[in-house]
Amino acid sequence: MTMRTNYCGRLSVDDIGKTVTVCGWVSKRREHGEFLAFVDLRDRTGIIQCVVDHAHDIRSEYVLAVTGVVRERPPETVNDELPTGSIEIGEATVEVLSKAEPPPFQISGRVEVDETIRIRHRYLDLRTGRMQRNLRSRALINSAIRRSMDAQEFVEVETPMLIASTPEGARDFVVPSRLSPGNFYALPQSPQLFKQLCMVGGIDRYYQIARCMRDEDLRADRQFEFTQLDMEMSFVDGDEVRAVVSEAVSEAAESITGQRPGVIPEISWHEAMNRYGSDKPDVRFGLELVELTDVFSDTEFNAFKASCIKGIKVPQGADIGRNQLDQLTDKAKSWGAKGLVWLKVGESGEVNSPVAKFMSEQEISDLLAAMKAEQGDICYIVADDWRRAVHVLGLLRLELGKPPVNEGGFHFLWVVDFPLFEDVDSEGNPVPAHHPFTMPHEEDLGLLQDTANPNDLLQVRSQAYDLVLNGWELGSGSVRIHRRDIQQQIFDLLGIGEEESQKKFGFLMDAFRYGAPPHAGFAFGIDRLVALLVGEENIREVIAFPKSQSGSDPLTEAPTPIDQTQLDELGLRVLPPAT
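Note that this is a predicted model, so its numbers are computed, not measured. (Residues numbered from 1 in each chain as written. Predicted model: local features only at pLDDT ≥ 70, side-chain atom pairs only at ≥ 80, totals over all residues. Heavy atoms only, no water.)

(A) A look at the nonpolar core. In this structure, M231 and F524 are the most contacted members of the largest nonpolar core, which totals 64 residues. Residues contacting F524, with those up to four places away along its chain left out, are I145, T227, Q228, L229, V245, V249, L474, G475 and L529. Counting 31 residues, the second-largest nonpolar core is a separate cluster that includes W269, F285, V382 and L393. (Core = buried A, V, L, I, M, F, W, Y, C linked by side-chain atoms within 4.5 Å. Buried < 20%, exposed > 50% of the residue type's maximum accessible area, 1.4 Å probe, protein only. Contact = heavy atoms within 4.5 Å.)

Structure representation (structure tokens):
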């Protein structure tokens, strides 16, 4: 026997006169005279008003089954803010299915609640309209992604969750082995190596909505546990991979917004850094960086005797106060700049700046021309080495102009041609910008031979690409190394000798002996995509049971100690924290 005949939020004027049974939670109760009460009953679809006998002892969040007749509301009680606001259930009989204590926070309404309390009582928070919407949107996005990948002839393959520890740029979560005391599994940071093995195995087109774990500090767009679309293809280049992923994210976006984003533009990493000061640029607004190095090539101003000078113009921003300017200068210094120069443009093109006296009239004129600065504008300038100058101005750009996450539409962007290496460590080994399985550009393979100056390796380009949405990096991908000799060459440059590489990656290197096809792939974070599409600033709002900012779980109180018996069984001993 069905307990309910209808859902609360799906009743309409077409149901007037019908006897229905609805089930849900009491959202609100209001007295009406001596004998009646209005009860707003809520389920996952919405709210319906029920007119019930005042004698019932009904409180907030009680679980009810209500049977009655759908009827029009009296005109003076119509609620235009509800889809069901023109009808109600009258002549209602009520069955209390479950009583409830007063909840620790208001389920309905717009009252702000401390996040720790929300996560501690997440089962209550999930009843709110916000979380219901977010999780259902997430399900729609997952479904759209699967439809797209299936239509493009990909095969869903599940890869293992207990693997060997491999260096992928973050700390592993490790799992002790009971059957092999003293040895450990690692939880996967990604299915990277296994999907490459799928290519060796002839799967050709693999995908997985994969759960991954990284022991990193948490922030608004990062959790220990995360979900990503993971995919790999054989006999393709980066263009073909990006086309597949573009189709998948377009279908995902359409499932929520009703519109496809269209062709996703591409920009090189170098251009992104030069124009926006970021490898994940938010292109919803202007404030692009302007090259000024040539303007001050012969300057006498010591602060501008640097290898790179760049600026940002804020139109009609000259009304900013001195206190705010001092705050921006302090922030620029905290980001690594030596200082921040500002110039306000007044009437007739004259400038107001504490450093104007150190510049020649020609320099000021050329500066205003280069930045296309007009009356009422303000220009901010940083002089330093290239990396620091673009980095600082990129952060300043976001500080000055970044709109809220739910404003300005959805602007996807491909960033391509990343450097293969991003830095050189203290031992002189280059640090990979992505993972160490990324293929260098064919034209740059010769540069890998010259290891006399490790800094020269920073000029090597990779066949790597990132997908960006509104300033958030959704994910990364690359053409992979499929040749054993090139893979070992990269390992050698990273300080991973043949013996160590065989120990850590032997199964991959051995697989390459047996005919590995050229292959490329990608992975993007579903948590981040969902958050942006539904207008949330924090991915915790689109995850059913997230960890708090500290990495703890207020709901289950994890992490917790384990019983000594378990420790003994695993051959483990817990040491006191190092002092």
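(B) Here's a closer look at the sheet that holds strand 10 (residues 225–234). The sheet built from eight strands is open, its strands ordered 6-9-10-22-21-20-17-11 with mixed pairing. Strand pairing shows two members of the sheet lacking a second neighbour, strand 6 (155–156) and strand 11 (266–268), which therefore form its edges. As paired elements, strand 11 and strand 17 (residues 412–416) share three bridges and run parallel to each other. Considered in strand 17, the bridge of I267 is made with V415. Contacts from helix 3 (residues 129–151) reach strand 6, strand 9 (205–213), strand 10 and strand 22 (519–525) within the one sheet, and its direction differs from that of strand 9 by about 150°. Together, strand 9, strand 10 and strand 22 form the strand contacts of helix 4 (residues 192–200), whose direction differs from that of strand 10 by roughly 25°. (Pairing = 2+ DSSP bridges. Helix = DSSP H or I, 4+ residues; strand = E, 2+ residues; numbered from the N terminus. Axes fitted to C-alpha atoms, helices over the stretch in contact; angles between N-to-C directions.)

(C) Representation of the pattern of salt bridges. Evaluation of the coordinates by the stated rule reveals 44 salt bridges. A salt bridge links R133 to E536, with the nearest nitrogen and oxygen atoms 3.5 Å apart. Of this pair, R133 sits in helix 3 while E536 sits in the loop between helix 12 (526–534) and helix 13 (564–570), placing them 403 residues apart in sequence. Each of R118, R122, D125, R130, R133, E536 and E541 takes part in salt bridges that share partners, so that together they form one network. (Salt bridge = Lys/Arg side-chain N within 4 Å of Asp/Glu carboxyl O.)

(D) Quick peek at the sheet that holds strand 13 (residues 308–314). On the basis of which strands lie adjacent, the open sheet formed by five strands has the order 12-13-16-14-15 and antiparallel pairing. The open sheet has two edge strands with one neighbour each: strand 12 (290–291) and strand 15 (351–352). Packed on one face of the sheet, helix 8 (residues 361–371) meets strand 12, strand 13, strand 14 (341–345), strand 15 and strand 16 (378–384) and runs near 60° to strand 13.

(E) Molecular detail of the packing of helix 10 (residues 484–493) against helix 11 (residues 498–511). Between helix 10 and helix 11, the least distance of the axes is 11 Å, while the angle of their chain directions is 145°. Where helix 10 crosses over helix 11, the two elements pack in a sense that is right-handed. In this structure, helix 10 uses R484, Q487, Q488, F491 and D492 to contact helix 11, whose residues at the interface are E498, S501, Q502, F505, M509 and D510. Taken together, the residues that form the contact of helix 10 with helix 11 break down as three nonpolar, four polar and four charged. (Left-handed = near helix turned anticlockwise from the far one by under 90°. Nonpolar A, V, L, I, M, F, W, Y, C, P; charged D, E, K, R; others polar.)

(F) Broad picture of the environment of S190. Tracing the chain through its elements places S190 in the loop between strand 8 (184–186) and helix 4. Sequence separation between S190 and V245 is 55 residues; the distance between their C-alpha atoms is 17 Å. At 3.2 Å, the side chain of S190 and the backbone nitrogen of Q192 are in polar contact. (Polar contact = N/O pair within 3.5 Å; in protein donor to acceptor, adjacent residues only side chain to side chain.)

(G) Just a nonpolar patch on the surface, in detail. Together, M161, L162 and Y185 give the surface a local cluster of nonpolar side chains, amounting to about 280 Å² of exposed area. In this structure, L162 sits in the loop between strand 6 and strand 7 (174–176). On the basis of relative accessible area, L162 is assigned to the partly exposed category, the value being 46%. (Patch = residues over 30% accessible without salt bridge, like charges linked within 9 Å, V, L, I, M, F, W, Y side chains within 5 Å. Areas by Shrake-Rupley, 256 points an atom, 1.4 Å probe, with all protein chains shown as cover.)

(H) Region of interest: helix 3. In a regular helix each residue adds 1.5 Å, so 23 residues correspond to 33 Å; helix 3 covers 33 Å between its end C-alpha atoms and thus fits that length. All of the buried residues in helix 3 are M131, N134, S137, R138, I141, N142, A144, I145, S148 and M149. Trailing helix 3 by a residue or two, E153 shows a phi angle of about 65°, which is positive. (Expected span 1.5 Å × (residues − 1).)

(I) Region of interest: the layout of surface pockets. Size it by volume and the second largest pocket reaches roughly 1,300 Å³. Residue lining of the second largest pocket: 40 residues in total, with I107, S108, G109, T128 and G129 positioned closest to the centre. Grouping the constituent residues of the lining of the second largest pocket by class yields ten nonpolar, 14 polar and 16 charged. (1 Å grid on protein atoms, 1.4 Å probe; cavity = no way out; pocket = protein on both sides within 12 Å on 5 of 7 lines; lining within 4 Å. Points joined across faces, edges and corners; volume = space filled by probe spheres on them.)

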